[in-house]
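Examination of the molecular architecture
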Amino acid sequence: MQFLTPIPLLAVGGSGSHEVLLKLAGVDYLILGVYFAFVLAIGWVLRKYLKTSKDFFESGRSLPAWVCALGFIGANLGAQEVIGMAASGAKYGIMTSHFYWIGAIPAMVFVAVFMMPFYYGSKARSVPEYLKLRFDEKTRSFNALTFAFMTIMSSGISMYALALLLNSILGWNFHVCIILSGVIVLLYIFMGGLTSAIYNEVLQFFLIVLGFLPLMLLGMKDVGGWHGLVEKLDVLAQRTGFQAGTYTESWAHAGSAGSNPMGVEWFGLAMGLGFVLSFGYWCTDFLVMQRAMAAKDMGSARRTPILAAVPKMFFPFLVIFPGLIAMALTVSGHGFQLPPKDGSYDYNMVVPLMLAHYLPSGMLGVGLTALMASFMSGMAGNVTAFNTVFTYDLYQGHIKKDGTDAHYLAVGRWTTVFGILASMGAAYFVAAFNNIMDVLQLVFAFVNAPLFATFLLGMFWRRTTGHGAFWGLIAGTFAAALHQGLTIPAGAAVGLTQGGWMAVVHTYPSIMAQNFWTAIFAWTMCMLTTILISMATVPNKTDDQLCGLVYSLTEKIREHGTPWYLRPATLGGVVLAGALVLNIIFW
């Protein structure tokens, strides 16, 4: 479930509106076949090492930091990132980089330095289980249920989008694509568990880099380098009524919502995206936390998010720049044209058209394999997170509390089967409702933003009670629904997905701005409600029970024998400095 990368551009049905049939040569099919065989071989080889449920769900907590780091970022490289970010780059310009440089990097450093000691040190097997240890069973169950639902829906959307895209650009049968992708993901997770998923995510990470780097390099050469790109996008800015530099400067035009195509002012950007949404996702979402918690020791677990932040910092050049290049080529009439759609362009076709335009046979197979790998990594990440949360937090927590380890291992494997089948069902559900992506993202905003407030108070204020946490989450979710029901983006139709279904008291310049402020209201309401109810209720945990779960009651990690270049705080400072430099360069 990639919350910060999903943008309302990867709308269901968008990619199928224009057919771009790619002609694959035999070598391209060979590359695809080798990839599928290699993916399944990883699961086959690892199956003999899975002896216990801990091996299946947690990789036995035995993986090195670099593997966990690439899995950490690979699990987030789903369909929403690769297709959605390129589309957003085309529509919004370089401001899309904020989803990385303020919307990911600071939160990844924060979780490594401050929150990972609680997750890993408490020996919690999942994020919902940490909530049980810190608060109570009802808070855990609420989070487990909402998370399980979101992972299935997110996996289904990835499956549907992949099938729709392959049907559009290759002419493959839609139903066969859904079945084939589901079966492949099922087999390597069923055989190899989380370890298989992580090692495949490492493979998929390198494939995505290898497949998309040529697009960026060839495209930049085609538009005349950075200066040529700026010149061409300045023409686009003037055509759309913005100042020169709007599409190639990330902060200079954020003074007001009407001065940039994203429709967001600097405060909504910094507070909504840079704080609430980014920290809400990277610090609380079990999909990515599961990769760090599979590390072999505390030091490796803490270094995992920071090591992942290094390539993450440079991903805008890989996934956003193709969108910028596509618009520059479209504006200049350089033999490349995005197809029209609803009075604008079909931005979702950036990646397929760039693949068709630039890559010859062989490289086209690599690029298409990279595209498929991004979808499959998203599916696998969601399914492995789902089977862990279902087995530990729902099945063991409420159905069978005293089962044997072998029993829970079997339940985990069959939960994987159920998760894939449910994802297939979700994919067909998506096919029937073309606004489901907007609905899912609203659910993400409703859940993740208040959850971050709960974690902040729970980890850093020991007075927080179970009742306060539970009702704070409920209040935050209600506040998000209320705000969304009373506001609407400019030009949108009143409805459940766009807003204004109660009454229209405020109109935002864009759906992006509405989402950011929805998150701000949800986080604030959860924070205030949790504080007030906690002050009015008796603490349900003693200080002894909270040791290792609350910052003030946890012994600080001593790193006297650790080299400076392996210390999370030092590494985090270097990464933050790098993100700051990139913000300044593209200011």
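Notes on the structure in this doc start here. (Residues numbered from 1 in each chain as written. Predicted model: local features only at pLDDT ≥ 70, side-chain atom pairs only at ≥ 80, totals over all residues. Heavy atoms only, no water.)

**A closer look at the overall build of the protein**
Going by this rule: To qualify as a helix, a DSSP run of H or I must reach at least 4 residues; to qualify as a strand, a run of E must reach at least 2; elements of each kind are numbered from the N terminus. Throughout, exposure labels follow a simple rule: accessible area from a 1.4 Å probe, protein chains only, divided by the maximum for the residue type, with under 20% read as buried, over 50% as exposed, and the rest as partly exposed. Residue contacts follow a heavy-atom distance rule, with two residues in contact if any of their heavy atoms lie within 4.5 Å. For the accessible areas, the method is Shrake-Rupley and the probe is 1.4 Å, while residue cover comes only from the protein chains on display. The charge count treats Lys and Arg as positive and Asp and Glu as negative. His and the chain ends do not count. Think of each charge as sitting on NZ of Lys, CZ of Arg, CG of Asp or CD of Glu.
Each helix and strand in the protein was counted, giving 21 helices and four strands. Evaluated residue by residue, the protein yields a buried proportion of 64% over its 587 residues. When contacts within the protein are restricted to residue pairs at least 6 apart in sequence, long-range pairs at least 24 apart make up 80% of them. When the accessible surface of the protein is split by element, carbon and sulfur atoms take 68% of a total near 20400 Å². Charged side chains in the protein number 31 positive and 26 negative. The centres of these two groups are separated by 8 Å.

**With respect to the packing of helix 11 (residues 266–282) against helix 19 (residues 511–536)**
Definition in use: Axes, fitted as lines to C-alpha atoms, cover a helix only where it is in contact. Angles between the N-to-C directions of the axes lie from 0 to 180 degrees. We call two directions roughly parallel when the angle between them is under 35 degrees, roughly antiparallel when it is over 145, roughly perpendicular when it lies between 65 and 115, and oblique otherwise. Helix crossings fall into two classes, left-handed where the near helix is turned counterclockwise from the far one by less than a right angle and right-handed where it is turned clockwise. All amino acids are sorted into three groups, where Ala, Val, Leu, Ile, Met, Phe, Trp, Tyr, Cys and Pro are nonpolar, Asp, Glu, Lys and Arg are charged, and the leftover types, Gly among them, are polar.
For the pair helix 11 and helix 19, the least separation of the axes is 9 Å and the interaxial angle reads 60°. Taken together, the axis directions place helix 11 and helix 19 in an arrangement best described as oblique. Our pair here, helix 11 against helix 19, has a crossing hand that is left-handed. On helix 19, the residues that touch Phe267, Gly268, Leu269, Met271, Gly272, Leu273, Phe275, Val276 and Leu277 of helix 11 are Phe516, Trp517, Ala519, Ile520 and Trp523. Tallied by class, residues from the contact of helix 11 with helix 19 come to twelve nonpolar, two polar and no charged.

**A short note on the layout of surface pockets**
Rule in force here: Using a 1 Å grid laid over the protein atoms alone, points where a 1.4 Å probe fits but cannot get out form a cavity; open sets with protein on both sides within 12 Å along at least 5 of 7 lines form a pocket; any residue with an atom within 4 Å of a point counts as lining. Grid points are joined across faces, edges and corners, and a volume is the space filled by probe spheres set on the points.
One number sums up the size of the second largest pocket: a volume of about 240 Å³. For the lining of the second largest pocket, the element with the highest residue contribution is helix 6 (residues 105–121), accounting for four residues. Looking at the lining of the second largest pocket, its residues break down into seven nonpolar, one polar and four charged.

**Topic: unusual backbone geometry**
Positive phi, close to 55°, is recorded for Ser59, a residue that is not glycine. In this fold, Ser59 is placed in the loop between helix 2 (53–58) and helix 3 (65–74). Phi is positive for Lys123, which is not a glycine, with a value near 65°. Checked against the element boundaries, Lys123 lands in the loop between helix 6 and helix 7 (127–134). Accessibility expressed as a relative area gives 57% for Lys123, which makes it exposed.

**Points about the packing of helix 8 (residues 137–169) against helix 15 (residues 363–399)**
Two elements in contact, helix 8 and helix 15, have axes whose closest approach is 9 Å; the angle formed by their N-to-C orientations is 155°. In terms of orientation, helix 8 and helix 15 fall into the roughly antiparallel class. Note that helix 8 runs across helix 15; the crossing there is left-handed.

**Examining the packing of aromatic side chains**
We apply this condition: Two rings belonging to Phe, Tyr or Trp (six-membered ring only in the last case) form a pair when the distance between their centres is within 6.5 Å. Interplanar angles under 30 degrees mark stacking, angles over 60 mark edge-to-face geometry, and anything in between is tilted. Should the NZ of a Lys or the CZ of an Arg lie within 6 Å of a ring centre and within 35 degrees of the ring normal, that charge is described as sitting over the ring.
Summed over all chains, the structure comprises 42 aromatic pairs. Relative to Trp282, the ring of Tyr281 lies with its centre 5.0 Å away and its plane at 80°, an arrangement referred to as edge-to-face. Under the relative-accessibility criterion, Tyr281 is labelled buried at 0%. A relative accessible area of 2% places Trp282 in the buried class. We note Arg125 situated over the ring of Tyr392; from NZ or CZ to the ring centre the distance is 3.8 Å.

**Comments concerning the environment of Met220**
Mapping Met220 onto the fold places it in helix 9 (residues 174–223). The exposure class assigned to Met220 is buried, which follows from its relative accessible area of 13%. Dropping the residues within four chain positions of it, Met220 is found in contact with Gly225, Trp226, Leu229, Phe321 and Ile325.

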